[in-house]
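# Architecture and fold: a report
Each chain is listed here by its residues.
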Amino acid sequence: MSNDLHGVRIEFAEVMTGYVSAEATIFTDGYEDGEKAGHKLALHVTVRIADLDAFLHTPDHAGTLTGHVDCALLGGICPVQSGTFRLMPNTADRDRKVMYYQVYCTTPQGEAVTFVGEKQVQHNAPLDMWHDTTTLFVNVFRGHVDPAKPALADLWVTGIISLGLGDFMQVLRGLRATDAKGNTSLKGLIAFGEFFAGKLWDVYGPHLPPALNQPHRRYAKFTTEGVTGAAISMHPFSTADGLGLTLTRFRRASSDDVVLVIHGLTNSTDMFIMPEHRNLVQHLLDEGFGDVWTLDWRGSNRFPYNLVRSSYNFDDVALFDHPAAISELRRHIGPNRRLHVIAHCVGSITIAMAVFARTVQGITSMVLNSVSLTPHVPAWSEIKLRFGPWVSDYLLGVEYFNPSWRRQPAWSIGKIIAMAADLVHGECDSPECHMLSFMWGSGRPAVFNHANIAPETHERLGDLFGGTAVHYYRHVFKMVRSGHTAVKYDPGNPRYAALPDDYLKNAADIKTPIFFVQGQDNHVFADSNIRCHERLEKLVPGRHKLHVFAGYGHQDVFMGKNVAVDIFPHIVGFLREHAHA
C-alpha cells in the first residue's frame, strides 16, 4: 500500500431524484407509474471514504453514506442511520461493475426501511456511459433486511432515480481529498480520479473476445443423480399428430396432490433435477409432495424435433402435447387426484393456452414463471423476433440455432454466428452463454443473472439448453404484435379449429388459480406475468396471485444456486393453499 495515500479522506455529496411506485414491482414500471402519480423520491447523501489507500486495495472499494431519503410514499424524510457505498467492485459479470448504495433508514412514523440502489455500469449500447453512471435503480424494503438476499425481503417501493448534469457538476465541485492533517491532498484527488477512470475503461474500453475453454463435464448428460429417495420411471406416450414424448415420474409415496413440472423451449426435465444444487423435484418430494412428474414436450432438447426447420407453433403444443401428457398421467394416477402444474417460459405459455382453451381440464392450480398469456419483450428482442426468422430461413439457410455451435469442429455458418456473439459478449467466457443471450432476450447475459448461477451450471449450459428452429419465434412475435395477447398463429388452418383465436376470450370462466412468478430483472419476457396478472385481476379479482423476486432474472428462478431458499418456499406455500381445494 502507498503511504502517501494512507489516511487520505475522500468526501463528496450527491442528490439523485426520480420516481417510484408502491404498486409496481420492476424498476421501469415503478418509474413510469410514479411519474404519472407524481410520487417522487430523492436521495441526499454524503459519501465518505475514510482511508483512500485501504479503499483502493480492498475488493469492495467501500465507503460510508450519511444523509436522508425524501419520499412521500415512505412518509416524508427518512434519516439515514447507517449506510454503505461501494464504487464499482467486480461482479459475477467480467465486464460489469456497480455503484452500490445501501442505507438503513427510519420513516417519520418510526418504521424501519432498507434502501438499496445500484448503478449498472455495463457497456450495453453505444454512448451509454453517461446513462449508466448517473442512473440508480432503486428498491426500498420494509424493515432492516439483509440486502444480499433481496428475494427474501418485503418490497415496499421501486423505481429509478438519476443524477442530472447540474447535480453532477455539483458533485465534482464538492469533491474533496484531505490528508490526516486536514489539508487538501492533490495526490489523493489524482489517485481517486485514476481509479475511477480505470474502472470505466475496464467496462467501456475495447475488449478481445474471451478465449475458448473446454469445460470438464462433471455430471452426465440427462443424469437423474440430483434426485434421491424416489422411484424413477419413464412413461413414453404419443401425440395425436404423431410425435413420441416422455413423462418422467419421481415417486416417493402415494399422494392426493400430484405435481407436474413443465420446462421451457430448448430445455428439458434436466432443469428441474440439477445435481449441483437443491433442485425443484427434490424440494417438492422433501416437502411432502410424494408424486412428482416432469414432461418433456416437443420443445425438449432430449428430442430431435427442434433440429429441423419445422412449422410447429405453440398451438401444436397446446392442442397435442399437453392433452396427451395429461391423459397419460391420469392413466397412472386416476381421475380424482388433485393435479398441480409448475411451468416455465414457453412451457408456461402453452400449458396456460391449453387450460384456457380447455384442451386440458382438471388442473387444481398452476405456477407459471416469466410469461404466460400476455407476452411482452424488450425492444431489441422485438427487432430480433421481427427479422430473425426471415434472415435465418431465407438469407442464411440455417436449420436451427444451437448454443453449442462455437465448440463444433470445422467451419460453418453457425460457428461464425457464435463467434460474432462472442465478440459482443464479454461478460463471461462461455460461448453457450453468449449464444443464449443472442437467441433469447436482450442483455449481457439475457437469460439469468450470473451471480445466481453456480459455476458447475455455467459450465454445462450446452447440456441444459439445446437448439431450436425459429418458427416458434414467429408465434411469439404475432402475440406481441396482437396486443401482447396469446392468439392462434394461423386462424384459418383447420388443424387448429378446436382452439380459440384469442386464448383470453373466456378467461373469466377459467377457475384454476394461478400463481404468476417472475424475476425483477427479466430480460427475456420483461414484465409479462405482471401484465397478465393485472389483466386477469380486472376480470376475476383475487383469484390469482403474483410474486416478483428481486435479484432474479428469467431462467435462474429455477436454475439458480439458492432457489431452494429464495424461490421454492413461495411455490410450495401456494401449492399447500390448494392442496385440499
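Structure report, in brief. (Residues numbered from 1 in each chain as written. Predicted model: local features only at pLDDT ≥ 70, side-chain atom pairs only at ≥ 80, totals over all residues. Heavy atoms only, no water.)

### Some remarks on the sheet that holds strand S15 (residues 365-369)
- Taken in spatial order, the 8 strands line up as S10-S11-S13-S12-S14-S15-S16-S17 in an open sheet, and their pairing is mixed. In this open sheet, the two edge strands, each paired with only one partner strand, are strand S10 (231-238) and strand S17 (545-549). Strand-to-strand twist in this sheet, taken as the mean axis angle between neighbours without regard to direction, amounts to 20 degrees.
- Here S15 pairs with strand S16 (residues 514-519) via 4 bridges, running parallel. Its bridge partner lying in S16, Asn369 is registered against Val517.
- Against the sheet, helix H18 (residues 568-577) touches strand S12 (257-262), strand S14 (338-344), S15, S16 and S17, its axis set at about 160 degrees to S15. (Pairing = 2+ DSSP bridges. Helix = DSSP H or I, 4+ residues; strand = E, 2+ residues; numbered from the N terminus. Axes fitted to C-alpha atoms, helices over the stretch in contact; angles between N-to-C directions. Contact = heavy atoms within 4.5 Å.)

### A look at a negative patch on the surface
- Together, Glu23, Glu32, Asp33 and Glu35 make up a region of like negative charge exposed at the surface.
- With respect to the helices and strands, the residue Glu23 is situated in the loop between strand S1 (9-21) and helix H1 (27-37). (Patch = residues over 30% accessible without salt bridge, like charges linked within 9 Å, V, L, I, M, F, W, Y side chains within 5 Å. Areas by Shrake-Rupley, 256 points an atom, 1.4 Å probe, with all protein chains shown as cover. Salt bridge = Lys/Arg side-chain N within 4 Å of Asp/Glu carboxyl O. Lys, Arg positive; Asp, Glu negative; His and termini not counted. Charge placed at Lys NZ, Arg CZ, Asp CG, Glu CD.)

### Considering unusual backbone geometry
- In this model, Arg444 is joined to Pro445 through a cis peptide bond whose omega is -5 degrees.
- Within the secondary structure, Pro445 is located in the loop between helix H11 (431-439) and helix H12 (455-459).
- In this structure, Ser370 takes a positive phi of about 80 degrees despite not being glycine.
- For Ala526, which is not a glycine, the phi torsion comes out positive at approximately 50 degrees.
- On the secondary structure map, Ala526 appears in the loop between S16 and helix H15 (528-539).

### Details of the nonpolar core
- Of all hydrophobic cores here, the largest spans 116 residues; its most connected members are Leu260, Leu284, Ile342, Ile351, Met353, Phe356 and Leu373.
- Ranked by residues supplied to this core, first place goes to helix H7 (residues 314-333) with 10 residues.
- Discounting chain neighbours no more than four positions away, the residues touching Leu284 are Val259, Val261, Phe289, Val292, Ile342, Val572 and Leu575.
- By size, the runner-up hydrophobic cluster in this structure holds 45 residues, among which are Val69, Cys71, Met99 and Val138. (Core = buried A, V, L, I, M, F, W, Y, C linked by side-chain atoms within 4.5 Å. Buried < 20%, exposed > 50% of the residue type's maximum accessible area, 1.4 Å probe, protein only.)

### Quick word on the pairing of strand S7 (residues 135-142)
- Among the 8 residues of S7, 6 are classified as buried, and the element is accordingly described as predominantly covered.
- In the sheet, strand S6 (residues 112-121) pairs with S7 via 6 bridges, with the strands oriented antiparallel. What sits directly across from Val113, in S7, is Arg142.
- Two elements, S7 and strand S8 (residues 155-162), share 7 bridges in a ladder whose sense is antiparallel. Across the sheet, residue Val140 finds its bridge partner in S8, namely Val157.

### Thoughts on the packing of aromatic side chains
- Tallying each qualifying case throughout the model produces 15 aromatic pairs.
- With 5.1 Å between their ring centres and 65 degrees between their planes, Phe85 and Tyr101 make a pair best called edge-to-face. Of this pair, Phe85 sits in strand S4 (residues 76-90) while Tyr101 sits in strand S5 (residues 97-106); the two residues are 16 residues apart in sequence, bridging distant segments of the chain.
- Assessed through its relative accessible area of 1%, Phe85 is described here as buried.
- Note on Tyr101: relative accessible area 1%, which makes it buried.
- Both rings, one in Trp440 and one in Tyr473, keep their centres 5.2 Å apart while their planes meet at 55 degrees; by these two values the pair is tilted. Placement of Trp440 in the loop between H11 and H12 and of Tyr473 in helix H14 (residues 471-481) is noted, with a sequence separation of 33 residues between them.
- Given the relative accessible area of 11%, Trp440 is considered buried.
- Judged by its relative accessible area of 9%, Tyr473 is buried.
- Each member of the aromatic cluster is reached from another via a ring pair, and the members are Phe12, Phe55, Phe85, Tyr101, Phe192 and Phe195.
- When the ring centre of Tyr312 is taken as reference, the NZ or CZ atom of Arg298 above it lies at 4.6 Å.
- Over the aromatic face of Phe515 sits the side chain of Lys545, whose NZ or CZ is 5.5 Å from the ring centroid. (Phe/Tyr/Trp six-rings, centres within 6.5 Å; stacked < 30°, edge-to-face > 60°. Lys NZ or Arg CZ within 6 Å of the ring centre and 35° of its normal.)

### Comments concerning the pairing of S8
- Within S8, 6 of the 8 residues are buried, which leaves it mostly tucked inside the rest of the structure.
- Pairing analysis gives 5 bridges linking S1 to S8, with the strands arranged antiparallel. By the bridge assignment for S8, Gly18 is matched with Ile161.

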